[in-house]
Amino acid sequence: MGNVADVDALSRPRARQSRVRRFVSGAWQRYPGALVILGLLILWEIAGELQLFAFLPSIREIVDAGVTLLERPDVWRSWGRTLLEVFVGTAIAVGLGFVLGVSMAQSRVVEALFGLYVDLFQSAPVSAFVPVIGLVFGLGYSAIVATVTIFAFFVFTVNTYTGVKNVDPRLIEMARSFGAGRVAVQFRVVIPAARPMMLTGLGLAVGRGVNGGILGEMLISIVGIGGLLMYYGGAFQEDFVFALVFMVLIIAVVLMSLIQRLADKYEERMR
Amino acid sequence: MSDGHRRVRVDSVTKLFPNAQGGTFTALQDVTFDVGDFEFLSIIGPSGSGKTTLLRILGGLEFPEHGAVVIDEAEVRGPGRERAIVFQDFALLPWRSVLGNVVFPLELRRVAKGERDRRAHEAITLVGLAGFEDYYPNMLSGGMQQRVGLARALAVEPEVLLMDEPFGALDAQTRTVLQDELLQIWERDRKTVVFVTHDMAEAVFLSDRVLILSANPGTVHRVVTVELPRPRLDELRRTAEFADLVGDVWETLQTLTR
Ligand SMILES: Nc1ncnc2c1ncn2[C@@H]1O[C@H](COP(=O)(O)OP(=O)(O)O)[C@@H](O)[C@H]1O
Ligand SMILES: [Mg+2]
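Residues numbered from 1 in each chain as written. Chains lettered and ligands numbered in written order. Predicted model: local features only at pLDDT ≥ 70, side-chain atom pairs only at ≥ 80, totals over all residues. Heavy atoms only, no water.

## Some words on the overall build of chain A
Stage number 1. When you go through chain A residue by residue, the secondary structure sums to 11 helices and 0 strands.
Stage number 2. The helix and strand sequence of chain A, counted from the amino end, reads α-α-α-α-α-α-α-α-α-α-α.
Stage number 3. By the compact-globule yardstick of 18 Å for 271 residues, chain A is too spread out, its C-alpha radius of gyration being 24 Å.
Stage number 4. Seen along its three principal axes, the alpha-carbon backbone of chain A occupies a region of about 65 × 65 × 30 Å.
Stage number 5. Residue burial in chain A is summarised as follows: out of 271 residues, 39% are buried.
Stage number 6. On chain A, the mean spot of the 23 positive side-chain charges and the mean spot of the 19 negative ones are 12 Å from each other. (Helix = DSSP H or I, 4+ residues; strand = E, 2+ residues; numbered from the N terminus. Rg over C-alpha atoms; globule rule 2.2 N^0.38 Å. Buried < 20%, exposed > 50% of the residue type's maximum accessible area, 1.4 Å probe, protein only. Lys, Arg positive; Asp, Glu negative; His and termini not counted. Charge placed at Lys NZ, Arg CZ, Asp CG, Glu CD.)

Listed below in structure tokens is the structure:
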């Protein structure tokens, strides 16, 4: 028995090590893009340490700044505020976009009324409207939330519209043949069929929402993470600016890919 | 096999569609026929002869300009609980599992959960898909998908089963296997079946009568009674009587497609 236990004790760490190695090599195979990022970071670090560009801090300095930021409770509060604005704004965008997208896809009249504008605004530089939002909504939470909403609204609407428009009419007919009424067709066929497209739209909407939220904070009321960015930019503390930018990027990418993964899960079956 | 009782009565049905020139196109003209209780009736005809349109009218998904469909003394005014359709392209919900697809119509009809699952499992077993309940449609072959389509229709325990070229999208081998199985299921639990096809051997093999439609406009051209004994097994396909009947239907269709 003692022998068996020894063998176990010996093999366990080795198993763990190979698991780590497998994870790393698997990660390279699955995300070759990570190599590009790593290469860029190395170049950046060299350029930074050699001080090749006047305002380019080194990666080391940026990481130091990031650690400093993470240690400050007011920075966490700023994150809380920004994420709350993004959450509420995106939620409103999703609610409104769902209603408009579904109605546009199912009613000629609504489509004729709004279709063109939704299309235009989806690719229009909405940032131009941000100062106007400040004028309308004041300088508080609601202005930033409104900015997020406007940034997130159009992608979600267009994706919902496309998803509903592309529902296979034969499935609707099948449901009707088994006695589904209008409501049942909506909830049991149309919306589930459009769900992958709507989730993709949600992922994009969150990305744009973060974008809108930070921009709103920078241009309207200098609060939250956008406010911090303005402050450090004004103070020429580029290491802090970059540290914040990276945090924003990471959070946005993580949120978007989580949602996309959910979308993929549904889409996998739809093929 | 009709025992005199008429389950379905199609009475002078005329169906018009708007055509591209702004006029009307007569898809079905004055179509009249009966389907007896527990009868297996096939409808065959050249493409464009209105077979699908006729089946959709029977299903209550389309309405005739003139005439009516009467089932059990009641005029068809929409889909009904006593009917179920099996679709040519399966029409399965890709986000639902096999079980989820089969319980779908039972959910619509607010059947209680326990009863729902019991009936679904029974139907799934009947079509030979026991063990595949948790599979999704995209994991199944065409033949298996149509088994799901059939199980879904059987689960609602219809009196009249409407099938629109249900095996038309399948390869020849799978098609004959499913024909055999459909007959076995039907022998065990007889229903009134209206089966649309463009496959003559299929029509003859399955049916008590074969209704031949002509096109432009769709009218009943001829009704062939199939007196072959039941139960019908695969060997029947290689008999002279079978070949004669198929030849008969084939000649009639030849004159129609010329
Ligand atoms: N919704 C529709 N609008 C216009 N024409 C139609 C419509 N549905 C069917 N038709 C026409 O009616 C005729 C019969 O169609 P269909 O019932 O599909 O024939 P089959 O199933 O026998 O091939 C065809 O000429 C087809 O073009
Ligand atoms: Mg057809």
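## So, the side chain of Glu173 of chain A
Stage number 1. Note on placement: Glu173 of chain A falls in helix α8 (residues 169-177).
Stage number 2. Residue Glu173 of chain A is classed as buried on the basis of its relative accessible area of 19%.
Stage number 3. In this structure, Glu173 of chain A is in contact with Arg56, Leu61 and Phe87 of chain B, ignoring residues within four places of it in sequence. (Contact = heavy atoms within 4.5 Å.)

## A word on the site of ligand 1
Residues and elements named next belong to chain B.
Stage number 1. Around ligand 1 sit Phe17, Phe25, Ala27, Pro46, Ser47, Gly48, Ser49, Gly50, Lys51, Thr52 and Thr53, and that is every residue in its neighbourhood.
Stage number 2. Gly50 is positioned such that a nitrogen or oxygen atom in its backbone is 3.1 Å from an oxygen atom of ligand 1.
Stage number 3. Taking Thr53, its side chain carries an N or O atom lying 2.5 Å from an oxygen atom of ligand 1.
Stage number 4. Protein chains bury 59% of the 560 Å² of accessible surface belonging to ligand 1 in isolation.
Stage number 5. For the shell around ligand 1, the elements supplying multiple residues, two or more each, are β2 (24-36) and α1 (51-59).
Stage number 6. Sorting elements by how many residues they give to the shell around ligand 1 places α1 first, with 3 residues.
Stage number 7. Class assignment of the residues belonging to the shell around ligand 1 gives a composition of 4 nonpolar, 6 polar and 1 charged. (Near = heavy atom within 4 Å. Polar contact = N/O pair within 3.5 Å; in protein donor to acceptor, adjacent residues only side chain to side chain. Areas by Shrake-Rupley, 256 points an atom, 1.4 Å probe, with all protein chains shown as cover. Nonpolar A, V, L, I, M, F, W, Y, C, P; charged D, E, K, R; others polar.)

## A word on α1 of chain B
All names here are of chain B.
Stage number 1. Counting buried positions along α1 gives 8 out of 9 residues, so the element sits mostly inside the fold.
Stage number 2. All of the buried residues in α1 are Lys51, Thr53, Leu54, Leu55, Arg56, Ile57, Leu58 and Gly59.
Stage number 3. At the C-terminal side of α1, Gly60 shows a positive phi close to 80 degrees.

## Describing the pattern of salt bridges
Stage number 1. Within the structure shown, the criterion is met by 34 salt bridges over all chains.
Stage number 2. The salt bridge partner of Asp168 of chain A is Arg170 of chain A, with a shortest N-O separation of 3.0 Å.
Stage number 3. Take Asp168 of chain A: its relative accessible area is 24%, and that puts it in the partly exposed class.
Stage number 4. Judged by its relative accessible area of 44%, Arg170 of chain A is partly exposed.
Stage number 5. Across the pair Glu107 of chain B and Arg188 of chain A runs a salt bridge, and its minimum N-O distance is 2.7 Å. Taken as a pair, Glu107 of chain B in helix α2 (residues 98-108) and Arg188 of chain A in helix α9 (residues 182-221) lie in two separate chains rather than in one.
Stage number 6. A relative accessible area of 17% means that Glu107 of chain B is categorised as buried. (Salt bridge = Lys/Arg side-chain N within 4 Å of Asp/Glu carboxyl O.)

## Some points on the pairing of strand β10 (residues 219-225) of chain B
Residues and elements named next belong to chain B.
Stage number 1. Judged from the 6 bridges that link them, strand β9 (residues 209-214) and β10 form a sheet pairing that is antiparallel. Bridging across to β10, Val210 finds its partner in Val224.
Stage number 2. Between β9 and the antiparallel strand that follows it, β10, lie 4 residues; Asn216 among them carries a positive phi value of about 50 degrees. (Pairing = 2+ DSSP bridges.)

## Thoughts on the interface of chain B and chain A
Stage number 1. With 23 residues of chain B at the contact, the number on the chain A side is 19 residues.
Stage number 2. Here chain B and chain A share an interface that buries about 2,000 Å² over both sides, 65% of which is from carbon and sulfur atoms.
Stage number 3. Counting every contact that joins chain B to chain A gives 3 salt bridges.
Stage number 4. Of the charged contacts, one joins Asp89 of chain B and Arg170 of chain A as a salt bridge, the two residues approaching to 3.1 Å between their closest N and O atoms.
Stage number 5. Counting across the chain B and chain A interface gives 3 residue pairs in polar contact (both at pLDDT 80 or more). (Buried area = accessible area lost by both parts, 1.4 Å probe.)

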